[in-house]
Amino acid sequence: MTSATLSTPVRISSTSGGGRPPTTFTRADQRAYVRTLVVLDTAVLSLAVLAGYAARFGDRVPVGSEIPYVLVAPALVLVWLVSLKAMGCYDDRVLGYGADEYRRVSSGSLRLAGGIAIAGYIADVEVSRGFLGISFAVGTVALEVTRFAARKRLHRARCRGAGWSRRVLVVGDTAHVLELVHTLRREPYAGYHVVGACIPDALLAPVPQRLSDVPVVGSLRGVPEAAAAIGADTVAVTASGELTATRLRRLGWQLEGTGVDLVVAPALTDVAGPRIHTRPVAGLPLIHVEAPEFRGARKLVKEFVDRTAAALALALLLPLLAVIALTIRLDSRGPVLFRQVRVGQGGREFGVLKFRTMVVNAAALLADLAAGNEADGLMFKMRDDPRVTRVGRLLRKWSLDELPQLVNVLLGQMSLVGPRPPLPSEVARYDGDVARRLLVKPGMTGLWQVSGRSDLSWEDGIRLDLYYVENWSLAADLTILWKTFGAVLRSRGAY
């Protein structure tokens, strides 16, 4: 039995009920995926060691060396695989979702490299440092790349209803069970497929029940039996007045040796891992949540990176910007740039710059199109907006109309990554929660853009923006920037 904390996923899918895996997955599917990873890792490490040998010695055999590299090379691959295994890189609890898998792969490789260096120094064995250095550098990077590719393939398979997934039995009060089911189904690629639910005795009925389309298979008193009956390999416990600390501990004991994992979904949601620290106090695993960081050294670094990257991007993209400006001028009358008042950090208004993609009287035509609004919440969106010009439609498809915002970043009004910059009319109708979006600078891209853009609901867009505000980090910014290229190429939600 393994106990863990199940946190709410970050990215929101545009589908809530579709794309869920079928209910036929077994441990054999998980083992097959692990075997695939082992084969990939073996191939990658073999090529990395071969590359290290070729780069150091070429096609010649080392002369005067007492080291039999023909034996050292395969031994290094074998020891490397053992190191990955020892670091839990094939543990199904870290495969397919989250950053822990990548951290373990890097840690296993770097620790092995350090161990070999220390052992070689103590034993006075002079293995070529160039051979080892190149092998470990190439191998570590290649392992991460192949793990990423394997994960993306697994995610696509899960969204199609194939691929290995965990079969989850959700336990708790009905309201919390439904909330957790909805959360897990928003992200089918995470691999948590709900196959049943257990609810308190007082809520059971004499006839078969379903929560949404999830069958109720038992009460809180018969969780192990219910898990065995439906073939669940994971029990996810959410909030319930009947699940006291004693009963939860007893449930863990009952699941020992059954092969069923126990995960706990706390009421605390939308808080990223780096802000959460578990501290054992008087036998209780208390969760300490650090306050969001809105100022300090990391903010200064983010500011420096933003402005430097914006200056370099403007210099490199100057020819492209000139071509776009000329195309807009030839396509329709009016200015090349469109300046619109938006609200930035702290509620300060500024003029956001874009390439003009609509006719010059677009604002005057908005009232006539209000009935065709396809977005909920406070935004206006039309998939086939008649105000968009021919060139403008192409610019929007590839997000080229937003390139002038690099000037806003250079001026310190925006960031490369952040929430979507809102209109003053939207901000005027913000409630207390939504107004937290204004605690950081708006961004050219963000979680909203890489998660579906206009295809997302207003509620999901706000949730993503607030998640970023509370949990931003430089590493997360780099990840979002990387995903932005994929989102632009797919043109998902761009209209």
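Structure: above.
Residues numbered from 1 in each chain as written. Predicted model: local features only at pLDDT ≥ 70, side-chain atom pairs only at ≥ 80, totals over all residues. Heavy atoms only, no water.

1. Quick look at the packing of helix α1 (residues 27-57) against helix α4 (residues 129-160)
For step 1, the next point in the chain: Interaxial distance between α1 and α4 falls to 8 Å at its minimum, and their mutual angle equals 150°. The pairing of α1 with α4 is recorded here as roughly antiparallel in orientation. For α1 against α4, the interelement crossing comes out right-handed.
For step 2, the next point in the chain: For the contact of α1 with α4, the per-class residue count stands at 18 nonpolar, five polar and four charged. (Axes fitted to C-alpha atoms, helices over the stretch in contact; angles between N-to-C directions. Helix = DSSP H or I, 4+ residues; strand = E, 2+ residues; numbered from the N terminus. Parallel < 35°, antiparallel > 145°, perpendicular 65-115°, else oblique. Left-handed = near helix turned anticlockwise from the far one by under 90°. Nonpolar A, V, L, I, M, F, W, Y, C, P; charged D, E, K, R; others polar.)

2. Some words on the packing of aromatic side chains
For step 1, the next point in the chain: The tally for this structure, following the rule as stated, stands at three aromatic pairs.
For step 2, the next point in the chain: Seen from their ring centres, Trp 80 and Phe 136 are 4.6 Å apart, and the 40° between their planes marks the pair as tilted. Of the two residues, Trp 80 is situated in helix α2 (residues 69-86) and Phe 136 in helix α4; the sequence distance between them amounts to 56 residues. Taken as a pair, Trp 80 and Phe 136 share a single burial class, namely buried.
For step 3, the next point in the chain: With a centroid separation of 5.9 Å and an interplanar angle of 35°, the aromatic rings of Tyr 97 and Tyr 189 are classed as tilted. Here Tyr 97 is found in the loop between α2 and α3 (100-123), whereas its partner Tyr 189 is found in the loop between α5 (174-186) and β3 (192-199), with 92 residues between them in sequence. (Phe/Tyr/Trp six-rings, centres within 6.5 Å; stacked < 30°, edge-to-face > 60°. Buried < 20%, exposed > 50% of the residue type's maximum accessible area, 1.4 Å probe, protein only.)

3. Describing helix α8 (residues 297-331)
For step 1, the next point in the chain: Maximum bend of α8: about 60°, positioned at Leu 317, with proline Pro 319 one to four residues after it.
For step 2, the next point in the chain: Among all positions of α8, only Lys 299, Lys 302, Asp 306, Ala 310, Leu 314, Leu 321, Ile 324, Ile 328 and Asp 331 are buried. (Bend = angle between axes of the 7 residues up to and from the residue.)

4. Re the pattern of salt bridges
For step 1, the next point in the chain: Within the structure shown, the criterion is met by 17 salt bridges.
For step 2, the next point in the chain: Ionic pairing is found between Arg 151 and Glu 101, a salt bridge with its closest N-O pair at 2.6 Å. Taken together, the residues span a long stretch of sequence, with Arg 151 in helix α4 and Glu 101 in helix α3 at a distance of 50 residues. Of the two residues, Arg 151 and Glu 101, both sit in the buried class.
For step 3, the next point in the chain: Across the salt bridge formed by Asp 477 and Lys 302, the nearest N and O atoms sit 2.5 Å from each other. With Asp 477 in helix α15 (residues 474-490) and Lys 302 in helix α8, the pair connects residues that are 175 residues apart, well separated along the chain. The pair formed by Asp 477 and Lys 302 is uniform in burial state, with each residue classed as buried. (Salt bridge = Lys/Arg side-chain N within 4 Å of Asp/Glu carboxyl O.)

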